[in-house]
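Structural characterization, general
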4 protein chains.
Amino acid sequence: MAGNSFGEIFRVTTFGESHGPACGCVVDGCPAGLNLSIEDISRELARRRPSANTQITTARNETDEAEILSGVFEGKTLGTPIAIMVRNKDQKSGDYDKLKEVYRPGHADWTWEAKYGIRDHRGGGRSSGRETLGRVAAGAVAKVFLRTFNIEIKAWTSSAAGLVFPGPGENGFDLSETENNPLRIPCREAAHNALSKLEEIKQNGDSAGCTVSCRVTGIPAGLGEPVFDKLDARLAGAMLSIGSAKGIEFGSGFAAAKSLGSEQNDSPVKSPAQSRNKQNTENDPAFSSNKSGGILGGISNSMPLEFAVAFKPVPSIAKPQQSCNKNGKARELLIQGRHDTCIAGRVVPVVEAMAALVLADFMLLKRGAGS
Amino acid sequence: MAGNSFGEIFRVTTFGESHGPACGCVVDGCPAGLNLSIEDISRELARRRPSANTQITTARNETDEAEILSGVFEGKTLGTPIAIMVRNKDQKSGDYDKLKEVYRPGHADWTWEAKYGIRDHRGGGRSSGRETLGRVAAGAVAKVFLRTFNIEIKAWTSSAAGLVFPGPGENGFDLSETENNPLRIPCREAAHNALSKLEEIKQNGDSAGCTVSCRVTGIPAGLGEPVFDKLDARLAGAMLSIGSAKGIEFGSGFAAAKSLGSEQNDSPVKSPAQSRNKQNTENDPAFSSNKSGGILGGISNSMPLEFAVAFKPVPSIAKPQQSCNKNGKARELLIQGRHDTCIAGRVVPVVEAMAALVLADFMLLKRGAGS
Amino acid sequence: MAGNSFGEIFRVTTFGESHGPACGCVVDGCPAGLNLSIEDISRELARRRPSANTQITTARNETDEAEILSGVFEGKTLGTPIAIMVRNKDQKSGDYDKLKEVYRPGHADWTWEAKYGIRDHRGGGRSSGRETLGRVAAGAVAKVFLRTFNIEIKAWTSSAAGLVFPGPGENGFDLSETENNPLRIPCREAAHNALSKLEEIKQNGDSAGCTVSCRVTGIPAGLGEPVFDKLDARLAGAMLSIGSAKGIEFGSGFAAAKSLGSEQNDSPVKSPAQSRNKQNTENDPAFSSNKSGGILGGISNSMPLEFAVAFKPVPSIAKPQQSCNKNGKARELLIQGRHDTCIAGRVVPVVEAMAALVLADFMLLKRGAGS
Amino acid sequence: MAGNSFGEIFRVTTFGESHGPACGCVVDGCPAGLNLSIEDISRELARRRPSANTQITTARNETDEAEILSGVFEGKTLGTPIAIMVRNKDQKSGDYDKLKEVYRPGHADWTWEAKYGIRDHRGGGRSSGRETLGRVAAGAVAKVFLRTFNIEIKAWTSSAAGLVFPGPGENGFDLSETENNPLRIPCREAAHNALSKLEEIKQNGDSAGCTVSCRVTGIPAGLGEPVFDKLDARLAGAMLSIGSAKGIEFGSGFAAAKSLGSEQNDSPVKSPAQSRNKQNTENDPAFSSNKSGGILGGISNSMPLEFAVAFKPVPSIAKPQQSCNKNGKARELLIQGRHDTCIAGRVVPVVEAMAALVLADFMLLKRGAGS
């Protein structure tokens, strides 16, 4: 448990401080013989970059040119570790000098100092959002692997700044809209309104929280390793490891805690032909509803996997805040520079990446665990 | 990732099917020289047993006499694996024969069969609530270790059947009441009302969900291993591994996702002498509020750790339900026998046990990770 | 790394002090649906017990009745943890009281005390040879799994007390003799001579070392995970974890270090039909010789796996020895009681068990690691 | 067990094929606050490069300029992952084209192909000796950490091509000579003779094996985690993971297997003041001899750690060899290009690096495992 590796068989290690020389990852255990190109990586990295056409994410100049250092030969994975590196280009750290001595509210400044006795105060070091770059690069590799099973992972912003957006089955929900707006809201109208509200919050020097929902289709029944490495347990661990995540729920989640058994139970039914996964057989049941979010007893039941993650507001706000310094002296703090108002859009690919890492690991293990 | 071990240094393996010969655990990595008696184990096991004075939990005759098989010599831990075993006594499995061919809604029957190709249909085998016995026994050992640091873990039922009970700082909240009622609600009046409501639900042949909240005091700043083994990530994984858990939130949790940064940020302040942990030094800051739930950047900040877990209703209900059998044939199912109406009270010690396992592991690692 | 678990997917945890209530193991990750009976376990446990007809092993009354506590239902493995327990019956610890204060030469008394600050001085606690009981029980389960692939593991005593016994291809070598003599020497005449020599050594109050050789047939090419979890690396770690082991060599081993490349290289040749494994295809090569011991680049090459392990003499001897006590005071020590003169015969099933654990783990992983 | 990570707390992941873009490592879990410079890395990398003044190692132009990509800030470790990269410069792979279809004897060509279905045939890909670059870079970091405890690791070539060189306590043994000759033999005269013999072997188109001995001083008693992660078990696994390693022995090793208990047991004695480690206390015993190689019961006893590793001859020889191709057709093979005649000198820093990784991991864990 050194902290910077994730997964057991499909195992990822990430590295890099926000203002150090480079960020990246090493993906170990990826099966050999997969077609993998630098574009597969770059496409996902581009999704986590700030949009040009919006003010709600930082306009930091992150071109993020990824380089594959190992593990791929003539366009195919070798089964050896795939190292991917992105150089950090925008390393002006002068802005951060005044943050050396004071702890920013809502940030990890003090806890990192308490733990390590030293911290890279420039942009949060490894507690920066830039740390997610390694996750997304690794997730891109996992997605390539999962696609060979027709497993598709789609996340979107389901609420932000107190606004709740249309969800699956609701009026206005349109997943194809997700990539058309910087907040990744699956509804054009809702996105328009949300951008207005966030612009207003930004003008007030404030920031806003959000929830991101995720849906995975095509996974076979049988993923998850009871009793401690259940599918939901691993996903929960994966999602709560993302910066700013404060909660997760599967299927009906916290609403289930208020419901009755007769309302919550999904009934097994004969699986309709058109809904079968590549991996299903004719006699495998489906379910009449999916309140469980695709997981029973910690094991996938072949229904779509569904969960939502709560993210707190970006802690860097433009309002004066109370804090204290290393000696316990009270200090008023005014954080400068450009910061995201809401991480909604940028964290969507990170949620997908972490889901991909969990599922890639289980897809490799599943084949081993069967009889 | 074989699935039945938890933790890295303080490492627990549990075993046992609900109707097999025995349940138990092996605790490896517990420091040597701790005073540990069978009573430390039995006390916690008694808390997860059904209460005699209530009808809302199953009246199964579980005396649960634990035996320590190894790892303790002359009342002290040896640093070697501590194996604890409890024989299963009430093994009438005749009741379950009719469940051999049909999948109970909301249960893990089909997913276990899909995964393993075989299942112990008697009482759910290892997907039974009885599986938590090993967790609680191991958690009891972890608690003994944590108490040497003055770390205290207290969980309680914060809502059930749609009723929300008083929380910390609210009128009527009284933690000392928790152990006085079978639902473990920290308020005598609220417990009375909840029992009435659950009795009514039971009469209707139904069951109810609940949330359990947990508060840990006395933990030092610095626990948690970014970026993947953050304290909240590990706790989330631990809690979602408990049967019926559908969600978790830390601090203000899902409410944080609706809030503004100016509302959510906790301000660092000089730590008042009386609030300091055994491990704090004078200049370590405290925080003016605790909306983060005691964790920043995945690392404990020395404020109390606070989180809540959502549990779905018990899936075994006394109403007829629709299901299907192995051949996809529709079947109406009527589950018989006695079942819990709500797991609220019994799951409280399980939540505490899992928190104890996570924290024991980090307390051993923390000393290693420092400079 | 809590120390008492071995393997990643086929994962074993052992427990138990020599004079505590019980010894045993938990096998996690064993595939479901295997036929497993208590006889499969008992047969292997009987092999590690002292023979009735010999004086060279301790005549301790170990009946070692194993009990399967979980993981097996109606004679088949469930895919859940298989817990196996053996009660310790012969717990007279009075003999050991005088060893409380003095460190026995060649034993782990001082190192355990240095590490844990406490030790169970009765028979060495967990540094006793009895600790191998859990290994052998777990190995018995692994062997059942490996047999479904026609993988066979055979170990024998290849030298003892300075005598070298016939090996494969040499005059007198007869594996079927191995189980007919307490030293497990694969040659009747050599066994007779060795017993005489050991009897003489015993009369002198001394003890003797030995080497155990092991050969595994039927394993497919492709086992081993470079670069750190190579097949030989994992086997070396497994074997050196056995008490008294001081070395290991694969194939020509230390002799290879003295040889020339032209002598050591095995040449790939077309695989003769009769020598093919269940898993080989027609075009897979075999090798003209097997100086590599069946491993190239840390990966099995489908030739028989061959290695030898060196064991030091039993440290408990009947001669007076110099030592010191906790305060550094010199003390003459005379160890009493019955002790093995040579562990040759009893350690053979332990070597097989550890090999089985390594191979079971890789057989489960291999299927996952392929493309 | 993805294969390319080593260690649990001080955890290293290596990456890179011999003819891919780069080789390197990520060191996770290194304590924060250590002084670490690029020179600490470069110095060790230079030791594994071929010497300019000798013909017995390949004259490949490896300048191996290392770059630290993360984890170090203002000359100090941050406690975050330390990524180190070295670009591969000499990537002419034309030489290797004729090796695409035929399996080189003694190499891992066929086993990698059997495992992965694909291989990078240029210079062996990741089964090349260049893979050790990541190990040595990581080991350099571990050495910096270990030096803070005064732990020193010294390896040397103890035999080569059938010649046995002077060892500790023998005439002519002089560790300070080790770095003065390309074979790293601790005796000027013996080195001279060995170089002559190897030159002769080279002229014959052949290669030679060797043994490397290693001695570690300054380690405290108490390192090692019985029963499976014993100190010798972990070291054995580490050493056998090095390419060409065929055996290991601790202390008197295979000679112990031929000896009597009365000859092998080391007697505990009062520790002389001058021999005490930084970590020893006055009453901790020392031992009258060190036949155990510094380990008892898998735990360090504070005496110097001593072991030797056997390496087979370099499999690339200049003589014609018999082999076969993918279709099982016999082929005569003549390997061209320059190859090491003996890896003795170059593998010495690799042995040291692996020992450093094992010990760094245990030094971090030890502090956690105590009472």
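For the structure itself, consult the block above.
The paragraphs below set out a description of the structure included in this document.

Basis of the calculations
- Residues numbered from 1 in each chain as written.
- Chains lettered and ligands numbered in written order.
- Predicted model: local features only at pLDDT ≥ 70, side-chain atom pairs only at ≥ 80, totals over all residues.
- Heavy atoms only, no water.
- Helix = DSSP H or I, 4+ residues; strand = E, 2+ residues; numbered from the N terminus.
- Buried < 20%, exposed > 50% of the residue type's maximum accessible area, 1.4 Å probe, protein only.
- Contact = heavy atoms within 4.5 Å.
- Areas by Shrake-Rupley, 256 points an atom, 1.4 Å probe, with all protein chains shown as cover.
- Pairing = 2+ DSSP bridges.
- Axes fitted to C-alpha atoms, helices over the stretch in contact; angles between N-to-C directions.
- Buried area = accessible area lost by both parts, 1.4 Å probe.
- Salt bridge = Lys/Arg side-chain N within 4 Å of Asp/Glu carboxyl O.
- Polar contact = N/O pair within 3.5 Å; in protein donor to acceptor, adjacent residues only side chain to side chain.
- Nonpolar A, V, L, I, M, F, W, Y, C, P; charged D, E, K, R; others polar.
- Least-squares fit on C-alpha atoms with pLDDT ≥ 70 in both.
- Phe/Tyr/Trp six-rings, centres within 6.5 Å; stacked < 30°, edge-to-face > 60°.
- Lys NZ or Arg CZ within 6 Å of the ring centre and 35° of its normal.
- Parallel < 35°, antiparallel > 145°, perpendicular 65-115°, else oblique.
- Left-handed = near helix turned anticlockwise from the far one by under 90°.

1. Some details on the overall build of chain A
- The number of helices and strands found in chain A is eight helices and 18 strands.
- In chain A, which comprises 371 residues, the proportion classed as buried is 68%.
- A separation threshold of at least 6 residues defines the contact pool for chain A, and within that pool the share at least 24 residues apart is 70%.
- Split by element, the accessible area of chain A, about 11900 Å² in all, is 47% carbon and sulfur.

2. Focus: the sheet that holds strand 4 (residues 66-68) of chain C
Residues and elements named next belong to chain C.
- Ordered by their spatial adjacency, five strands build an open sheet running 1-2-3-7-4, and the pairing between neighbours is antiparallel. Where the open sheet ends on each side, the last strands, each with one partner, are strand 1 (5-6) and strand 4.
- Sheet analysis places strand 1 next to strand 2 (residues 11-15), joined by two bridges and oriented antiparallel. From the neighbouring strand, Ser-5 faces strand 2, where its bridge partner is Thr-13.
- Against the sheet, helix 1 (residues 38-48) contacts strand 4 and strand 7 (82-87), and its axis sits at roughly 150° relative to strand 4.

3. Quick look at the interface of chain B and chain C
- Counting residues at the interface gives 43 residues for chain B, matched by 43 residues for chain C.
- For the pairing of chain B and chain C, the buried interface totals around 3300 Å² over both sides, and the portion due to carbon and sulfur atoms is 63%.
- Interface area lost by chain B to chain C is led by Leu69(B), Phe73(B) and Ile118(B), which between them contribute 17%.
- Counting across the chain B and chain C interface gives two salt bridges.
- In this structure, Arg87(C) and Glu67(B) form a salt bridge, with 2.7 Å as the shortest nitrogen-oxygen distance.
- In this assembly, chain B and chain C are joined by ten residue pairs in polar contact (both at pLDDT 80 or more).
- Mapped onto the side of chain B that touches chain C, the elements with two or more residues apiece are strand 2 (11-15), strand 3 (22-28), strand 4 (66-68), strand 6 (76-77), strand 7 (82-87) and helix 2 (109-116) of chain B.
- Among the elements that make up the side of chain B that touches chain C, the one with the highest residue count is strand 2 of chain B (four residues).
- Here the side of chain B that touches chain C is composed, by residue class, of 18 nonpolar, 14 polar and eleven charged.

4. Examining the sheet that holds strand 2 (residues 11-15) of chain A
Residues and elements named next belong to chain A.
- Strand order in this open sheet of five strands is 1-2-3-7-4, and the pairing throughout is antiparallel. Strands at the two margins of the open sheet, each flanked by one partner only, are strand 1 (5-6) and strand 4 (66-68).
- Summarising the sheet, strand 3 (residues 22-28) and strand 7 (residues 82-87) pair through six bridges and their orientation is antiparallel. Residue pairing for strand 7: Val-26 is matched across the bridge by Ala-83.
- Running over the sheet, helix 3 (residues 132-147) touches strand 2, strand 3 and strand 7 and is turned about 35° from strand 3.

5. Quick notes on the relation of the copies chain B and chain C
- Mapping chain B onto chain C is achieved by rotating through 180° and translating by 0.0 Å along the same axis, at an RMSD of 0.0 Å. A rotation of that kind, with that shift, is consistent with a two-fold axis.
- When the interface residues of chain B are mapped onto chain C, 100% of them again fall at the interface, so both copies present the same face.

6. Here we look at the interface of chain B and chain A
- Between chain B and chain A, the residue contacts involve 106 residues of the former and 106 residues of the latter.
- When chain B packs against chain A, close to 8000 Å² is buried across both sides, 62% of that on carbon and sulfur atoms.
- The salt bridge partner of Glu225(A) is Lys115(B), with a shortest N-O separation of 2.7 Å.
- Summed over the shared surface of chain B and chain A, the number is 42 residue pairs in polar contact (both at pLDDT 80 or more).
- Of the residues belonging to the side of chain B that touches chain A, the class tally is 49 nonpolar, 35 polar and 22 charged.
- In this structure, strand 11 (residues 245-250) of chain A lies alongside strand 11 (residues 245-250) of chain B, joined through three bridges in antiparallel fashion. When the sheet's bridge partners are listed, Ile248(A) is paired in strand 11 of chain B with Ile248(B).

7. A word on the relation of the copies chain B and chain A
- With an RMSD of 0.0 Å, the fit of chain B onto chain A corresponds to turning through 180° and sliding 0.0 Å along the axis.
- The fraction of interface residues of chain B whose copies in chain A are also interface residues reaches 100%, indicating that both copies meet through the same surface.

8. Brief notes about the packing of aromatic side chains
- Per the counting criterion, the structure on display carries 30 aromatic pairs over all chains.
- Each ring, one from Phe250(D) and one from Phe307(D), has its centre 5.8 Å from the other, and the planes form 45°; the classification is tilted. Here Phe250(D) is found in strand 11 (residues 245-250), whereas its partner Phe307(D) is found in strand 16 (residues 305-311), with 57 residues between them in sequence. Neither Phe250(D) nor Phe307(D) differs from the other in exposure class; each is buried.
- Put simply, the rings of Phe10(A), Phe145(A) and Phe149(A) pair up and form one aromatic cluster.
- Residue placement shows Arg234(C) over the ring face of Phe6(C); its charged tip is 6.0 Å from the ring centre.

9. Side note on the side chain of Ser128(A)
- For Ser128(A), the location among the structural elements is in the loop between helix 2 (109-116) and helix 3.
- Contact partners of Ser128(A), with chain neighbours within four places excluded, come to Ser18(A) and Gly123(A).

10. Looking at the side chain of Arg234(B)
- Structurally, Arg234(B) is set in helix 5 (residues 231-240).
- Arg234(B) gets classed as buried once you look at its relative accessible area, which sits at 17%.

11. Details of the pairing of strand 18 (residues 330-333) of chain C
Residue and element names in this part refer to chain C.
- In this structure, strand 17 (residues 321-324) lies alongside strand 18, joined through four bridges in antiparallel fashion. Considered in strand 18, the bridge of Gln-321 is made with Leu-333.
- The hairpin formed by strand 17 and strand 18 contains five residues between the paired strands, and Gly-328 there has a positive phi angle of roughly 80°.

12. Topic: the pattern of salt bridges
- Scanning the entire structure with this criterion turns up 95 salt bridges over all chains.
- For Arg47(D), the salt bridge goes to Glu179(D), with nearest N and O atoms at 2.7 Å. Taken as a pair, Arg47(D) in helix 1 (residues 38-47) and Glu179(D) in the loop between strand 9 (163-164) and helix 4 (188-203) lie far apart in primary sequence, 132 residues in all.
- Arg47(D) gets classed as buried once you look at its relative accessible area, which sits at 13%.
- Through salt bridges with shared partners, a single ionic network connects Glu44(A), Arg47(A), Lys143(A), Glu179(A), Arg184(A) and Glu352(A).

13. Regarding the packing of helix 5 (residues 231-240) of chain C against helix 5 (residues 231-240) of chain D
- It is the contact of helix 5 of chain C with helix 5 of chain D, at a shortest axis distance of 7 Å, that shows an interaxial angle of 160°. With respect to helix 5 of chain D, the element helix 5 of chain C is oriented roughly antiparallel. Like other packed secondary-structure pairs, helix 5 of chain C and helix 5 of chain D cross with a definite hand, here right-handed. On the side of helix 5 of chain C, the interface is formed by Asp232(C), Ala233(C), Ala236(C), Gly237(C) and Leu240(C), while helix 5 of chain D contributes Asp232(D), Ala233(D), Ala236(D), Gly237(D) and Leu240(D).
- Here the residues of the contact of helix 5 of chain C with helix 5 of chain D are counted per class, giving six nonpolar, two polar and two charged.

14. Focus on the environment of Ile248(A)
- Here Ile248(A) shows up in strand 11.
- For Ile248(A), a relative accessible area of 0% corresponds to the buried category.
- As for Ile248(A) and Thr211(A), which are separated by 37 residues in sequence, their C-alpha atoms are 9.2 Å apart.
- Other than its neighbours up to four places away in sequence, Ile248(A) contacts Leu235(A), Ala236(A), Met239(A), Leu240(A), Phe254(A), Phe307(A), Ala308(A), Val309(A), Lys246(B), Gly247(B), Ile248(B) and Phe254(B).

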